[in-house]
Amino acid sequence: QGMDAMVEVALAFRAATARPLAIQANAGLPESRGGALAYPETPEFMAARVPELLAAGVAIVGGCCGTTPDHIRAMRKAVAASGARAHAAESPRGPS
C-alpha cells in the first residue's frame, strides 16, 4: 500500500488507541516498467502526506518497499517543517 492508504490506516489506528503510532509506507504498489518493477510514489508525493500522518498522531514515520534515501530525506524535511520534534537515527556506534 502507498502513503494515501497509510493515512487511512493511521486514522483508523488513532480511533482505536491513544498509544503512539508508527507508520512505514511503501512507495505505492509496484508496477512493471520495461520488464523491471518500479514504485510510483515519489519522495515529494510521500513527504506531502506527512502532515496528515502527524495530525493523526503518528509518532514514527518511515518507509518500506520502494522507498529510497531520497524518500526518507524528503519525509524528514516534512517532519521538520511541521514543527514536530524529530530525532536523528543513531547506530549502535553513536550518531551518524
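Our subject is the structure that appears above.
Residues numbered from 1 in each chain as written. Predicted model: local features only at pLDDT ≥ 70, side-chain atom pairs only at ≥ 80, totals over all residues. Heavy atoms only, no water.

S.K.: Which residues make up the overall build of the protein, and what are the values?
M.R.: Scanning the protein from N- to C-terminus turns up three helices and six strands. Overall, the protein shows an N-to-C arrangement of helices and strands of α-β-β-β-α-β-α-β-β. For the protein, the residues scored as buried account for 31% of the 96 residues in total. Summed over its atoms, the accessible surface of the protein is roughly 6200 Å², and 57% of this surface lies on carbon and sulfur atoms. (Helix = DSSP H or I, 4+ residues; strand = E, 2+ residues; numbered from the N terminus. Buried < 20%, exposed > 50% of the residue type's maximum accessible area, 1.4 Å probe, protein only. Areas by Shrake-Rupley, 256 points an atom, 1.4 Å probe, with all protein chains shown as cover.)

S.K.: Residue-level account of the pattern of salt bridges, with values.
M.R.: The tally for this structure, following the rule as stated, stands at three salt bridges. Its salt-bridge partner being Glu-31, residue Arg-33 comes within 2.7 Å of it at the nearest N-O pair. Residue classification places Glu-31 among the partly exposed positions, given a relative accessible area of 33%. Between Asp-70 and Arg-73 there is a salt bridge whose closest N-O contact spans 2.6 Å. With a gap of three residues between them, Asp-70 and Arg-73 both fall in helix α3 (residues 69-82), about one helical turn apart. Judged by its relative accessible area of 46%, Arg-73 falls in the partly exposed class. (Salt bridge = Lys/Arg side-chain N within 4 Å of Asp/Glu carboxyl O.)

S.K.: Could you give an account of the environment of Ala-47, with specific residues and numbers?
M.R.: Mapping Ala-47 onto the fold places it in helix α2 (residues 43-55). The exposure class of Ala-47 is buried, given its relative accessible area of 13%. As a C-alpha pair, Ala-47 and His-71 span 24 residues in sequence and 7.5 Å in three-dimensional space. In this structure, Ala-47 is in contact with Ala-74, Met-75 and Ala-78, ignoring residues within four places of it in sequence. (Contact = heavy atoms within 4.5 Å.)

S.K.: Explain the environment of Glu-31 to me, and be specific about the residues and the numbers.
M.R.: Relative to the helices and strands, Glu-31 resides in strand β2 (residues 31-33). Contacts of Glu-31, omitting those with residues within four sequence positions, involve Ala-36, Leu-37, Ala-38 and Pro-40. Of the polar contacts made by the side chain of Glu-31, one reaches the side chain of Arg-33; its length is 2.7 Å. (Polar contact = N/O pair within 3.5 Å; in protein donor to acceptor, adjacent residues only side chain to side chain.)

S.K.: Just give me the short version of the packing of aromatic side chains, but keep the residues and values in it.
M.R.: Counted by the stated rule, this structure contains zero aromatic pairs. Here Arg-49 stacks its cationic end above the ring of Phe-45, 3.6 Å away from the centre of that ring. (Phe/Tyr/Trp six-rings, centres within 6.5 Å; stacked < 30°, edge-to-face > 60°. Lys NZ or Arg CZ within 6 Å of the ring centre and 35° of its normal.)

S.K.: Give me the pairing of strand β1 (residues 21-25): which residues, what numbers.
M.R.: The side chains of a regular strand alternate, residue by residue, between the two faces of the sheet. Of the two faces of β1, the one lined by Leu-21, Ile-23 and Ala-25 is fully buried and the one lined by Ala-22 and Gln-24 carries no buried residue. Taken together, the five bridges between β1 and strand β4 (residues 58-63) define a ladder with parallel strand orientation. Following the sheet pairing, Leu-21 is matched in β4 by Val-58. (Pairing = 2+ DSSP bridges.)

Fair warning: the whole summary comes from geometry, so function is off the table for now.
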